[in-house]
Amino acid sequence: MIQITQPGIIRLGVLASGRGSNFDAICAAIDRGDLQAQIEILISDKADAAALEKASKRGISARFIDPNSFADRQYYEGEIVSTLRGAGVELVVLAGYMRLVGQVMLQNYRWRILNIHPALLPSFTGLHAQKQAVEYGVRFSGCTVHMVDEGMDTGPIIRQAVVPVYQYDDEDSLAARILEQEHNLYWQSLQLFAQGRVYLDGRKVIIRDESREEMA
Ligand code: GAR
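Some thoughts on the sheet that holds strand β1 (residues 2-3)
Here 3 strands make up an open sheet; going across it, the order is β1-β9-β10 and the pairing antiparallel. The open sheet terminates on both sides in strands that have one partner only, identified here as β1 and β10 (204-207). Pairing analysis gives 2 bridges linking β1 to strand β9 (residues 198-201), with the strands arranged antiparallel. The residue of β9 that forms the bridge with Q3 is Y199.

A word on the state of the cysteines
Taken as a whole and assessed by the stated rule, the structure comprises 0 disulfides. This cysteine, C27, is not joined by any disulfide, and C143 carries the nearest cysteine sulfur, 18 Å off.

Focus: the pattern of salt bridges
Applying the stated rule across the entire model yields 13 salt bridges. One salt bridge in this structure joins E135 and K131, with 3.4 Å as the shortest N-O distance. Taken together, the residues span about one helical turn, with E135 and K131 both in helix α5 (residues 129-136) at a distance of 4 residues. The partner of D209 in a salt bridge is R208, and the shortest N-O contact between them spans 3.9 Å. Overall, the relative accessible area of 36% leaves R208 in the partly exposed class.

With respect to the side chain of E77
Of note, E77 is situated in helix α3 (residues 73-86). Buried charged residue E77 carries no salt bridge. Nearest counter-charge: R73, at 4.5 Å. Apart from the residues lying within four places of it in its own chain, the contact partners of E77 are L100, V101, G102, Q103, V104 and M105.

Re the site of the ligand
Every residue close to the ligand is listed here: R19, G20, S21, N22, G96, M98, I116, H117, P118, L179 and E182. Within the side chain of S21, one N or O atom sits 2.6 Å away from an oxygen atom of the ligand. At 2.8 Å, a side-chain N or O of E182 approaches an oxygen atom of the ligand. Relative to its free-state accessible area of 450 Å², the ligand is covered by the protein chains to the extent of 89%. If you list the elements that add at least two residues to the shell around the ligand, you get α1 (21-32), β6 (113-117) and α6 (171-194). Of the residues assigned to the shell around the ligand, the class counts are 4 nonpolar, 5 polar and 2 charged.

What counts and what doesn't
Residues numbered from 1 in each chain as written. Predicted model: local features only at pLDDT ≥ 70, side-chain atom pairs only at ≥ 80, totals over all residues. Heavy atoms only, no water. Pairing = 2+ DSSP bridges. Helix = DSSP H or I, 4+ residues; strand = E, 2+ residues; numbered from the N terminus. Disulfide = S-S within 2.5 Å. Salt bridge = Lys/Arg side-chain N within 4 Å of Asp/Glu carboxyl O. Buried < 20%, exposed > 50% of the residue type's maximum accessible area, 1.4 Å probe, protein only. Lys, Arg positive; Asp, Glu negative; His and termini not counted. Contact = heavy atoms within 4.5 Å. Near = heavy atom within 4 Å. Polar contact = N/O pair within 3.5 Å; in protein donor to acceptor, adjacent residues only side chain to side chain. Areas by Shrake-Rupley, 256 points an atom, 1.4 Å probe, with all protein chains shown as cover. Nonpolar A, V, L, I, M, F, W, Y, C, P; charged D, E, K, R; others polar.

This is the structure:
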């Protein structure tokens, strides 16, 4: 069994492609003192990502790294990894980062790249997960925080939150209900790393002391 992080204030690097509401929720949890972490840098693959501006406004270093200015993904990710390492990042947080992660990042941050996905994995991987859930007709969906591996949304699951799906839901109404849960689930999952409680046993994540807490 591998322990992923030691207890202590955890140094995060966030990767985001869009509006950055999950990034905001993580910042808010840090500000409230609920999450023992520090965000060292926010990186985006999109020049116009609102997340970049949100980070700058908070005084967090924000950097656009253009995937198109590199010969291939290996070089692009090489730049991301050296930026993250330069900033002292221990744990990489994908928050609406709409790209598949490749070998360079995976090898440099093995089991230390987390993602949030707006569905109950292993159902509805990939893009438009909320639309997939509505169209399939499931009665419950939700969100999943997981470690990133080689597959698309296939890595070890850390935490999940469930929401009902109503028959009048469309993609947007379901996405909004799920997003509310995302904004708690992500920082709570990160706090487990700050507490040094996350272990990996095969593909199963073990949270130390969880059962005792749940029984209390
Ligand atoms: C979130 O709903 C997140 O779960 C999803 O993108 C949104 C980003 O919102 N991520 C994925 O679909 C990844 N496959 P945000 O930019 O406001 O945090």
